[in-house]
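# What the coordinates show
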Amino acid sequence: MYDVIIIGAGASGLMCAIEAGKRGRRVLILDHSDRLARKVYIAGGGKCNFTNMEVDPKVHLISSNPYFPISAISRFSQWDFLDMIDRYQIPYEEREHGQLFTTTSSADIIRMLRQECETYGVEIRLKREISKVIKTESGFDIETYSRTYSCESLVIATGGLSFSKIGASRFGLFIAEQFGLSVVEPRPGLVPLKSDDESLKALSGLNFPVTVSCNDRSFSENMLITHSGLSGPVILQISNYWTSGDVVTINLLPNLNRHNELTDRKQARQKSSLQKVLAEYLPKRFVVYMIEKNCLPNKQVNQLNEAEIKTISDAFNKWQFKPSGTEGYRTAEVTVGGVSTDEISSKTMESKKVPGLFFAGEVLDVTGHLGGYNLQWAWSSGYCAGQYV
Ligand SMILES: Cc1cc2nc3c(=O)[nH]c(=O)nc-3n(C[C@H](O)[C@H](O)[C@H](O)COP(=O)(O)OP(=O)(O)OC[C@H]3O[C@@H](n4cnc5c(N)ncnc54)[C@H](O)[C@@H]3O)c2cc1C
């Protein structure tokens with residue numbers, strides 16, 4: 001019999017265990033994987049973008065209830081996590097957009113979490129497949145294939161659905177459904193967008209800054225053309241807001257109003273071809289692709305008429321890209337959607353319907369932008385649950 005059992009030895013589960021352990025609770029973590037925190041290990045290309053200098057839940061976190069994450073982030077902020085990092089003297093650096101990465105390896109963060117668990121007497125059992133969760137009078141029974149564990153409080157910290165090869169599963173959503181809690185339909189987030197356009201894919205490797213917009217959100221950063229469609233930080237960011245069938249508007253020349261620029265050049269009687277002028281700003285192969293795809297008149301700019309200038313400007317300042325889909329959970333960094341926050345206390349992370357049942361981390365319907373926000377959500381929600389289990 002344990003006071004607390006946490007299913008999932010990832011970012012939020014370990015943080016919750018540490019906090020519950022500090023309160024003198026007898027804590028057990030169960031995970032079906034053979035190693036703990038495997039997503040933390042691969043996060044940020046192995047350097048773990050563990051948080052961000054600026055975390056505004058209303059801007060950087062997405063949820064059907066945008067107010068839900070505010071309380072947790074304010075009670076355990078990026079500064080609180082940085083205090084831990086400093087206590088363990090883990091070296092880190094700030095990169096662009098306030099993103100904080102370890103300078104050595106993600107393994108440093110995992111060592112810190114493991115050490116904290118040891119300090120507070122948390123037991124961790126890996127390679128445990130859970131076959132059943134049963135509500136009892138005093139709490140919960142957790143059945144594995146070899147034995148049954150009992151607890152007063154149960155925390156589901158099994159994360160999102162992406163990267164099943166390193167342990168991701170639908171387990172958390174099944175448990176929510178078992179106990180009659182609603183689930184916001186999950187979909188892959190922070191994921192490359194696919195295209196059926198073979199001539200676009202032939203430009204794989206080209207990389208340049210753009211502004212992308214979809215469903216009233218815009219991001220400006222680099223876009224990468226890949227062998228399956230579009231990727232790069234700007235595309236990953238917008239993918240969190242994209243749903244099947246939506247068109248993404250891409251401004252290929254975000255710092256330039258093509259209409260004014262072409263009109264100026266026309267008035268200056270420039271004889272350069274349209275292709276030559278555009279290749280001053282974008283990779284030549286991409287310009288050729290756009291001219292051919294949109295049947296644009298590749299004449300001398302001084303010969304362009306007003307209607308042609310407008311068509312060219314629209315093609316480059318408002319490229320309408322319709323993805324054929326996403327690369328899916330195989331490459332997605334996160335899951336958008338999850339256990340509905342409507343039935344969860346934003347203070348304790350406990351289910352309002354099932355006392356003693358808690359959820360933390362990515363399994364909940366809270367998703368971060370790219371930039372360390374998903375891990376910060378895991379730390380903050382795990383911390384809050386740890387105060388009440
Ligand atoms: C490639 C990649 C790079 C990323 N980089 C970053 C980054 O740099 N910064 C950032 O903020 N976020 C990043 N993320 C996202 C971030 O890693 C996650 O949002 C975060 O780890 C979620 O924490 P969690 O505790 O909710 O879940 P996880 O850390 O995923 O932990 C869930 C745990 O539950 C276990 N589990 C799952 N199902 C079961 C089951 N049925 N039975 C028992 N155990 C189970 C898993 O084995 C795992 O140990 C990245 C994600 C990926 C995939």
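Model, not experiment: these values are computed from the prediction.

## Observations concerning the side chain of T335
Structurally, T335 can be placed in strand 19 (residues 334-339). A relative accessible area of 4% places T335 in the buried class. At 2.7 Å, the side chain of T335 forms a polar contact with the backbone nitrogen of L161. Excluding its chain neighbours within four sequence positions, the residues that come into contact with T335 are G160, L161, S162, P186, R187, G189, Y329, E362 and T367.

## Observations regarding the site of the ligand
In the region of the ligand, 30 residues are neighbours, and S12, D31, S169, E362 and L375 sit closest. Residue E362 places a side-chain N or O atom 2.6 Å away from an oxygen atom belonging to the ligand. Here an oxygen atom of the ligand and a backbone polar atom of L375 are 2.8 Å apart. For the ligand, the accessible surface in isolation is 1000 Å², of which the surrounding protein chains cover 94%. Of all elements in the fold, only helix 1 (11-22), helix 2 (38-42) and helix 14 (373-388) reach the threshold of two or more residues within the shell around the ligand. Residue classes in the shell around the ligand are distributed as twelve nonpolar, 14 polar and four charged.

## What to know about the domain arrangement of the protein chain
Each assigned domain of the protein chain is listed with its residue range as follows: domain 1 (2-187 + 336-388) and domain 2 (193-326). When each unit is reduced to the centre of its C-alpha atoms, the spacing between domain 1 and domain 2 is 40 Å. Facing the ten residues of domain 1 at the interface are ten residues of domain 2. With both sides pooled, the region where domain 1 packs onto domain 2 buries about 760 Å², and carbon together with sulfur makes up 48% of that total. Seen at the junction of domain 1 and domain 2, the total is zero salt bridges. On the surface where domain 1 and domain 2 come into contact, there are five residue pairs in polar contact (both at pLDDT 80 or more). Here the residues of the side of domain 1 that touches domain 2 are counted per class, giving four nonpolar, four polar and two charged.

## A closer look at the sheet that holds strand 6 (residues 99-102)
As summarised here, the arrangement of the three strands in space is 3-6-5, forming an open sheet in which the pairing is antiparallel. Each edge of the open sheet carries a strand with a single partner, namely strand 3 (49-52) and strand 5 (92-94). Looking at each pair of strands side by side, their axes are set apart by 30° on average, direction ignored. Inspection of the sheet shows strand 5 paired to strand 6 by three bridges, in the antiparallel sense. Counterpart to Y92 in the pairing with strand 6 is T102. Here helix 5 (residues 78-87) sits on the sheet and contacts strand 3, strand 5 and strand 6; the angle it forms with strand 3, its principal contact strand, is near 135°.

## Concerning the layout of surface pockets
The probe, sized like a water molecule, is rolled over the atoms to show the empty space still left. Empty space within the second largest pocket amounts to approximately 260 Å³. Among the elements that make up the lining of the second largest pocket, the one with the highest residue count is strand 14 (residues 217-225) (three residues). Residue classes in the lining of the second largest pocket are distributed as four nonpolar, nine polar and three charged. When we break the lining of the second largest pocket down by domain, the ones giving at least three residues each are domain 1 (2-187 + 336-388) and domain 2 (193-326).

Each value, and the rule that gives it
Residues numbered from 1 in each chain as written. Predicted model: local features only at pLDDT ≥ 70, side-chain atom pairs only at ≥ 80, totals over all residues. Heavy atoms only, no water. Helix = DSSP H or I, 4+ residues; strand = E, 2+ residues; numbered from the N terminus. Buried < 20%, exposed > 50% of the residue type's maximum accessible area, 1.4 Å probe, protein only. Polar contact = N/O pair within 3.5 Å; in protein donor to acceptor, adjacent residues only side chain to side chain. Contact = heavy atoms within 4.5 Å. Near = heavy atom within 4 Å. Areas by Shrake-Rupley, 256 points an atom, 1.4 Å probe, with all protein chains shown as cover. Nonpolar A, V, L, I, M, F, W, Y, C, P; charged D, E, K, R; others polar. Domains from an automatic or database assignment. Buried area = accessible area lost by both parts, 1.4 Å probe. Salt bridge = Lys/Arg side-chain N within 4 Å of Asp/Glu carboxyl O. Pairing = 2+ DSSP bridges. Axes fitted to C-alpha atoms, helices over the stretch in contact; angles between N-to-C directions. 1 Å grid on protein atoms, 1.4 Å probe; cavity = no way out; pocket = protein on both sides within 12 Å on 5 of 7 lines; lining within 4 Å. Points joined across faces, edges and corners; volume = space filled by probe spheres on them.

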